[in-house]
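Fold and geometry: a report
The residues making up each chain are set out below.
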Protein chains: 2
Amino acid sequence: MKQETAEQWKLFLDLLRKISSYQEAVSLMHWDLRTGAPRKGAEARSETIGLLSTEAFKLQTSPEMGQYLSYLNHDTVLGELDATGRRLVELVQEEYDRSVKIPPEKYQEYVELTAHAETLWADFKENNDFAGFEPYLTRIVELTQEFIDYWGPKDTRYDTLLDMYEPDLTVEKLDQVFGQFRDRIVPLVDAITSSPNKPEAPFLNQLYDKGQQEKIGLFLLEQIGYDFEAGRLDETVHPFEITLNQGDVRITTHYLQDDPTSSMFSTLHEGGHALYEQNVSPELAGTPLSQGTSMGIHESQSRFWENIIGRSQAFWTRYYGELQQHFPEQLKDVTAEQFYRAANRVENSLIRTEADELTYNLHIIIRYEIEKMIFNEGLPISELPKVWNEKYKAYLGLTPPNDGLGVLQDVHWSGGSFGYFPSYALGNMYAAQITNTLRKELPQFDGFVEEGNFAPIKEWLTENIYKHGKSLKPAEIIMNITGEPLNPDYLAAYLEEKFKAIYGV
Amino acid sequence: MKQETAEQWKLFLDLLRKISSYQEAVSLMHWDLRTGAPRKGAEARSETIGLLSTEAFKLQTSPEMGQYLSYLNHDTVLGELDATGRRLVELVQEEYDRSVKIPPEKYQEYVELTAHAETLWADFKENNDFAGFEPYLTRIVELTQEFIDYWGPKDTRYDTLLDMYEPDLTVEKLDQVFGQFRDRIVPLVDAITSSPNKPEAPFLNQLYDKGQQEKIGLFLLEQIGYDFEAGRLDETVHPFEITLNQGDVRITTHYLQDDPTSSMFSTLHEGGHALYEQNVSPELAGTPLSQGTSMGIHESQSRFWENIIGRSQAFWTRYYGELQQHFPEQLKDVTAEQFYRAANRVENSLIRTEADELTYNLHIIIRYEIEKMIFNEGLPISELPKVWNEKYKAYLGLTPPNDGLGVLQDVHWSGGSFGYFPSYALGNMYAAQITNTLRKELPQFDGFVEEGNFAPIKEWLTENIYKHGKSLKPAEIIMNITGEPLNPDYLAAYLEEKFKAIYGV
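Because the structure is a prediction, the values reported are computed rather than measured. (Residues numbered from 1 in each chain as written. Chains lettered and ligands numbered in written order. Predicted model: local features only at pLDDT ≥ 70, side-chain atom pairs only at ≥ 80, totals over all residues. Heavy atoms only, no water.)

Details of the overall build of chain A
Scanning chain A from N- to C-terminus turns up 21 helices and three strands. Its C-alpha radius of gyration of 23 Å places chain A within 12% of the 23 Å reference for a compact globule of 505 residues. Based on the C-alpha atoms only, the size of chain A along its principal axes is roughly 70 × 50 × 45 Å. A total of 505 residues make up chain A; the buried ones form 61% of that total. When contacts within chain A are restricted to residue pairs at least 6 apart in sequence, those whose partners lie at least 24 apart make up 74%. By element, 49% of the accessible surface of chain A is carried by carbon and sulfur atoms, the whole surface being about 19700 Å². Separation of charge centres in chain A, based on 46 positive and 79 negative side chains, amounts to 1 Å. (Helix = DSSP H or I, 4+ residues; strand = E, 2+ residues; numbered from the N terminus. Rg over C-alpha atoms; globule rule 2.2 N^0.38 Å. Buried < 20%, exposed > 50% of the residue type's maximum accessible area, 1.4 Å probe, protein only. Contact = heavy atoms within 4.5 Å. Areas by Shrake-Rupley, 256 points an atom, 1.4 Å probe, with all protein chains shown as cover. Lys, Arg positive; Asp, Glu negative; His and termini not counted. Charge placed at Lys NZ, Arg CZ, Asp CG, Glu CD.)

Observations concerning the pattern of salt bridges
The full count for this structure, using the stated rule, is 78 salt bridges over all chains. Between Glu322 of chain A and Arg318 of chain A there is a salt bridge, with the nearest N and O atoms lying 3.4 Å from each other. Residue Glu322 of chain A and its partner Arg318 of chain A are located together in helix 13 (residues 313-326), separated by four residues, close to a single helical turn. Residue Glu322 of chain A is classed as partly exposed on the basis of its relative accessible area, which comes to 21%. When the shortest N-O distance is used, the salt bridge between Arg367 of chain B and Asp410 of chain B registers 2.7 Å. Note that Arg367 of chain B is positioned in helix 15 (residues 360-377) and Asp410 of chain B in the loop between helix 16 (384-396) and helix 17 (422-441), a separation of 43 residues in sequence. Look at Asp410 of chain B and you get buried, because its relative accessible area is 8%. Sharing partners across several salt bridges, the network here consists of Glu24, Asp248 and Arg250 of chain A together with Asp32 and Arg45 of chain B. (Salt bridge = Lys/Arg side-chain N within 4 Å of Asp/Glu carboxyl O.)

Quick look at the UniProt feature "binding site: Zn(2+)" (unreviewed entry) in chain A
All names here are of chain A. Per the UniProt record, "binding site: Zn(2+)" (unreviewed entry) is annotated on His269, His273 and Glu299. The greatest C-alpha distance among the annotated residues, which extend across 31 residues, is 8.6 Å, indicating that they converge on a single site. Tracing the backbone through its elements, the reader meets His269 in helix 11 (residues 260-278). For His269, a relative accessible area of 8% corresponds to the buried category. Apart from the residues lying within four places of it in its own chain, the contact partners of His269 are Glu299, Ser302, Arg303 and Glu306. Within the fold, Glu299 resides in helix 12 (residues 295-309). (UniProt positions renumbered as here; feature names shortened; annotations may be inferred.)

Re the packing of aromatic side chains
Inspection of the entire model under this criterion finds 65 aromatic pairs over all chains. Summarising the aromatic geometry, the rings of Tyr226 of chain A and Phe228 of chain A are spaced 4.9 Å apart at their centres and angled 80° between planes, so their arrangement reads as edge-to-face. Given the relative accessible area of 31%, Phe228 of chain A is considered partly exposed. One aromatic cluster in this structure is built from Phe203, Phe219, Phe265, Phe304, Trp305, Phe315, Trp316, Tyr319, Tyr320, Phe339, Phe445 and Phe454 of chain A. Its guanidinium or amino end placed over the ring of Phe240 of chain A, Arg34 of chain A lies 4.4 Å from that ring's centre, counting from NZ or CZ. Taking NZ or CZ as reference, Arg250 of chain B lies 4.4 Å from the ring centre of Trp31 of chain B, over its face. (Phe/Tyr/Trp six-rings, centres within 6.5 Å; stacked < 30°, edge-to-face > 60°. Lys NZ or Arg CZ within 6 Å of the ring centre and 35° of its normal.)

Let's talk about the sheet that holds strand 3 (residues 248-253) of chain B
The pairing of strands in a sheet happens through backbone hydrogen bonds and is either parallel or antiparallel. Residue and element names in this part refer to chain B. Judged by pairing direction, the sheet is mixed, and its three strands sit side by side in the order 1-3-2 without closing on themselves. Two strands close off the open sheet at either side, each with one partner strand: strand 1 (233-235) and strand 2 (241-245). Taking the axes of each pair of neighbouring strands and ignoring which way they run, one obtains an average angle of 30° across the sheet. Strand direction decides the pairing type here: strand 2 and strand 3, joined by four bridges, are antiparallel. If you follow Ile242 over to strand 3, its bridge partner there is Arg250. Seen against the sheet, helix 11 (residues 260-278) touches strand 2 and strand 3 and runs at an angle of roughly 165° to strand 3. (Pairing = 2+ DSSP bridges. Axes fitted to C-alpha atoms, helices over the stretch in contact; angles between N-to-C directions.)

Details of the interface of chain A and chain B
Taken together, the contact between chain A and chain B spans 36 residues of the former and 36 residues of the latter. Across the interface of chain A and chain B, roughly 2900 Å² is buried in total on both sides, 50% from carbon and sulfur atoms. Summed over the three residues of chain A that lose the most area to chain B, namely Pro38, Lys40 and Glu229 of chain A, the buried surface amounts to 18% of that side. Our count for the contact surface shared by chain A and chain B stands at 14 salt bridges. Here Arg45 of chain A ties to Glu24 of chain B by a salt bridge, and the two come within 2.6 Å at their closest N and O atoms. At the boundary of chain A and chain B, one finds 29 residue pairs in polar contact (both at pLDDT 80 or more). Here the side of chain A that touches chain B gets 11 residues from one element, more than from any other, and that element is helix 1 (residues 3-35) of chain A. (Buried area = accessible area lost by both parts, 1.4 Å probe. Polar contact = N/O pair within 3.5 Å; in protein donor to acceptor, adjacent residues only side chain to side chain.)

A few points about the relation of the copies chain A and chain B
Overlaying chain A on chain B yields an RMSD of 0.0 Å, the required transformation being a rotation through 180° with an accompanying axial translation of 0.0 Å. When the rotation and shift are considered jointly, the pair of chain copies conforms to a two-fold rotation axis. Of the C-alpha atoms belonging to chain A, the one lying closest to the rotation axis is found on Ala25 of chain A, 3.0 Å away. Taken together, the interface assignments show that 100% of the residues at the interface of chain A recur at the interface of chain B, consistent with an identical surface on both copies. (Least-squares fit on C-alpha atoms with pLDDT ≥ 70 in both.)

Digging into the domain arrangement of chain A
All names here are of chain A. In terms of domain boundaries, chain A breaks down into domain 1 (3-151) and domain 2 (171-503). Across the contact, 37 residues belong to domain 1 and 40 residues belong to domain 2. The junction of domain 1 with domain 2 conceals about 3300 Å² of combined surface from both sides, 71% of it contributed by carbon and sulfur atoms. For domain 1, the biggest contributors to the area lost against domain 2 are Trp31, Trp121 and Phe130; these three give 22% of the whole. Taken together, the connections running from domain 1 to domain 2 amount to one salt bridge. Lys473 is paired through a salt bridge with Glu90; the nearest N and O atoms lie 3.4 Å apart. Across the domain 1-domain 2 interface, the total number found is seven residue pairs in polar contact (both at pLDDT 80 or more). Of all the elements in the fold, those that place two or more residues in the side of domain 1 that touches domain 2 are helix 1, helix 5 (83-100), helix 6 (104-126) and helix 7 (130-151). At 11 residues, the largest contribution of residues to the side of domain 1 that touches domain 2 is made by helix 1. (Domains from an automatic or database assignment.)

Some remarks on the sheet that holds strand 1 (residues 233-235) of chain A
All names here are of chain A. Within the open sheet, the three strands sit side by side as 1-3-2. Their pairing is mixed. Edge positions in the open sheet fall to strand 1 and strand 2 (241-245), since each of these has one partner strand only. Direction aside, the axes of adjacent strands within the sheet are offset by 30° on average. Across three bridges, the pairing between strand 1 and strand 3 (residues 248-253) is parallel. Its bridge partner lying in strand 3, Leu233 is registered against Ile251. Sitting on the sheet, helix 1 is in contact with strand 1, strand 2 and strand 3, with an inclination near 140° to strand 2.

A word on the UniProt feature "active site" (unreviewed entry) in chain A
Residues and elements named next belong to chain A. As recorded in UniProt, the feature "active site" (unreviewed entry) lies at Glu270. Along the chain, Glu270 turns up in helix 11. Setting aside chain neighbours within four positions, we find Glu270 in contact with Pro239, Phe240, Glu241, Ile251 and Thr252.

Looking at the environment of Pro38 of chain B
Within the element layout of this structure, Pro38 of chain B appears in the loop between helix 1 (3-35) and helix 2 (42-60). Look at Pro38 of chain B and you get buried, because its relative accessible area is 4%.

Examining helix 3 (residues 63-72) of chain A
Listed as buried for helix 3 of chain A are Met65, Gly66, Tyr68, Leu69, Tyr71 and Leu72 of chain A. Where helix 3 of chain A is buried, its residues touch helix 1, helix 2 (42-60), helix 4 (75-78) and helix 5 of chain A.

Things to note about the packing of helix 2 of chain B against helix 6 (residues 104-126) of chain B
Residue and element names in this part refer to chain B. For the pair helix 2 and helix 6, interaxial distance at closest approach is 8 Å and the crossing angle is 145°. Crossing of helix 2 against helix 6: the hand is right-handed. Each of Ala42, Ser46, Glu47, Ile49, Gly50, Leu51, Ser53, Thr54 and Phe57 in helix 2 lies in contact with helix 6, whose residues at this interface are Pro104, Tyr107, Gln108, Val111, Glu112, Ala115, His116 and Thr119. For the contact of helix 2 with helix 6, the per-class residue count stands at eight nonpolar, seven polar and two charged. (Left-handed = near helix turned anticlockwise from the far one by under 90°. Nonpolar A, V, L, I, M, F, W, Y, C, P; charged D, E, K, R; others polar.)

Structure (structure tokens):
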């Protein structure tokens with residue numbers, strides 16, 4: 001590397017490190033707001049989050065950043081960098097181009113508003129108060145619409161939002177992928193619905209001590225290889241994973257007192273996100289490459305550990321005895337097989353996060369369609385509860401009794417995360433496609449799971465996905481691993497095989 | 001206010017608000033490091049704390065700040081402000097003058113180093129590893145010495161440090177106050193030592209469940225008026241109070257499994273600090289006036305709630321029954337009177353934070369003398385354990401068996417807090433002097449305590465101390481309340497009365 005390039009490169013990395021400091025502080029403030037910050041401090045806190053996010057934003061769009069990029073982002077200079085360096089420049093340039101288009105005062109308003117709305121959301125949900133939430137959501141959508149104008153809409157306005165979470169994803173592609181998947185899955189759901197051989201959950205509706213649920217959750221996290229010296233588990237209304245720095249990757253879960261599976265699977269889910277973040281190559285620390293490559297690939301990992309591992313027969317062959325030891329009274333008459341079947345009951349339900357593997361995707365399609373309506377067709381926010389309830393009736397045959405169990409159930413919109421939901425379904429698809437290759441390369445896969453020996457699986461995922469962070473794009477990762485682009489048939493085939501066996505259809 | 005003044009004033013307040021945002025973020029990161037941040041994230045976190053503290057420092061010393069101050073800090077303009085406004089300008093000017101003298105890179109080194117050293121300190125203490133701690137402490141002292149040079153030493157170099165925590169306090173004054181106090185107290189300690197009528201603590205050395213200790217601590221905090229909607233209680237090695245914003249004033253405590261009094265009194269102590277911060281006038285929010293006026297006055301409030309209230313006979317007349325209900329087995333044969341006497345045992349001991357009201361001040365005098373030796377006589381850091389142990393032998397007749405119970409016991413030096421320790425003794429003195437007036441103005445004082453009716457006491461303290469924040473100086477507060485300057489005789493008289501009764505001397 002030439003001396004001038006070396007100097008510019010160092011300044012560039014220092015600036016990125018400084019930006020990541022702001023992000024760490026802001027993330028910690030968010031984590032804290034959700035895990036136990038006192039109510040009366042929340043308003044000042046939101047203002048503080050807004051101020052510091054704005055400072056980070058100013059650095060990302062600063063003349064210095066523009067200057068480093070304009071030096072580094074030239075063919076001759078890029079030739080002096082390695083592939084990771086080139087990817088870093090490309091990624092920062094993309095973010096820079098996106099950010100410079102937003103006026104800082106708009107950005108600050110957006111950040112303060114979403115921080116505030118996220119805090120208030122739990123109360124609105126609790127009180128089924130959509131009317132209270134509406135003005136916040138309306139303003140968040142207005143600002144997001146303005147941002148789309150600043151960025152320039154793609155094929156459709158909503159495409160602009162999709163692309164932020166899953167690079168190069170479009171409405172056109174998603175309509176096709178969701179359609180292809182739906183056509184294969186609907187007959188399966190129908191067959192299951194009319195099967196006489198339904199799993200039952202005779203053990204539910206008893207009291208499951210929260211402390212014991214927490215213990216089994218901590219134990220399972222340890223088993224899959226979550227590093228507690230680089231993270232911690234807390235309780236929140238809505239479980240999440242948040243990365244403060246590479247050595248501090250936190251997760252949260254929630255506990256239902258009459259159903260221990262809810263906390264276990266949400267813990268494994270967030271644990272999967274955390275395994276990804278904990279195993280990004282340390283060389284990428286302090287740069288934007290040091291995180292999962294896209295929301296879809298990220299979700300493939302949470303789904304892999306939650307469903308493909310956690311809801312498998314092999315997993316409960318290994319761990320059901322442990323679970324029984326934590327709840328000897330409640331589970332004394334329940335076999336491992338009964339438990340496995342119960343953990344895989346298919347049932348149309350109101351709550352996305354509690355949905356089974358199969359119908360889950362319908363919850364996503366509903367949100368996808370509503371978001372498209374908001375951004376591409378100008379659906380007024382006041383109509384969301386009506387549209388939401390109609391779609392739940394049409395797709396799942398259910399009508400939410402109140403907005404807390406309906407349109408207010410997810411935190412995402414209060415945080416301005418539009419275009420995010422499709423990642424969950426993509427995650428399921430990526431996970432099945434990746435697992436198809438993983439099983440070929442590690443033929444002892446089921447045996448490893450039955451032994452609780454997750455190290456080889458975690459290593460394979462680290463080598464192929466985790467360590468790369470954002471230095472490989474999602475499409476590259478899928479192509480490198482599986483030799484083909486995203487293909488929803490793997491998920492359909494996985495679901496068919498699993499649920500036909502369980503339901504005997 | 002003239003229009004130009006109004007504009008400058010608004011810009012000035014906006015800049016102060018921004019600085020307070022950085023401080024909130026940094027405080028939260030410190031809180032988090034101490035309450036449960038994972039080990040592997042601590043190094044990156046320290047760097048982040050350093051970076052953001054440096055940004056705050058740059059704002060405090062920015063050309064904009066210099067410009068606002070040079071506009072506002074003129075007699076004609078000051079005349080347009082109210083008394084609080086004038087005090088704010090004065091205070092910010094002092095901080096500005098102090099800060100501009102430190103080169104930013106020195107400041108950043110200092111902040112990163114102390115954040116890092118604070119994190120490592122717990123391990124060094126645990127392992128009695130002074131040798132491991134020494135290089136950190138040496139560098140912290142070196143940097144502090146450099147800072148003294150930048151600021152310009154006062155009468156002595158150590159005076160410069162004292163003044164930071166207690167404005168206008170000097171070695172000369174402190175030598176006199178500590179001397180006067182010691183002369184009156186030594187005969188009391190001697191009398192007590194030879195008294196046959198010593199309190200005993202027959203209830204100790206049993207197991208006291210931590211969960212129950214936490215419950216009684218939370219209960220007592222609620223009783224004295226700590227607002228849990230504007231704070232929270234956590235567990236740490238070394239208890240502390242930290243203010244994130246006016247609606248978020250957090251405290252921590254620690255639990256000894258064989259002694260419930262330790263957590264109760266440290267909880268009341270930190271609760272006292274928190275009552276102060278929670279009750280500063282909301283009008284001062286977002287400015288440096290929005291906090292306790294000095295470390296000494298702050299400590300007077302923690303000591304007031306811990307000792308003058310919490311270790312009084314009236315308090316245990318009201319609360320001993322409650323305590324017994326939490327530990328019915330352990331306390332079944334102990335009377336309220338026995339408990340009160342036990343909570344006021346005077347005993348020479350090794351650990352400052354566990355010391356009784358009387359000998360506590362000797363622990364402070366030891367630290368005061370050592371800090372004077374470091375900064376005024378150049379005592380090498382490597383000799384600290386030797387000097388420490390000699391002074392404990394001389395003043396308290398005890399030799400620490402290891403450095404964890406000796407020179408490594410306090411977190412303060414790892415955080416660079418030199419000149420802070422004397423505040424603890426000043427706090428005791430202020431508290432006794434203030435209480436002397438309080439009892440005259442609220443003659444039902446003991447009755448209120450016996451009823452657990454702390455509202456009138458908290459209101460009196462709010463009116464006279466808390467609400468003013470830093471808008472009144474410590475000397476003004478003491479003079480306004482008591483009509484005279486700091487006088488150690490009130491503390492001496494309080495201790496004589498209390499301990500003569502307990503020891504029958």
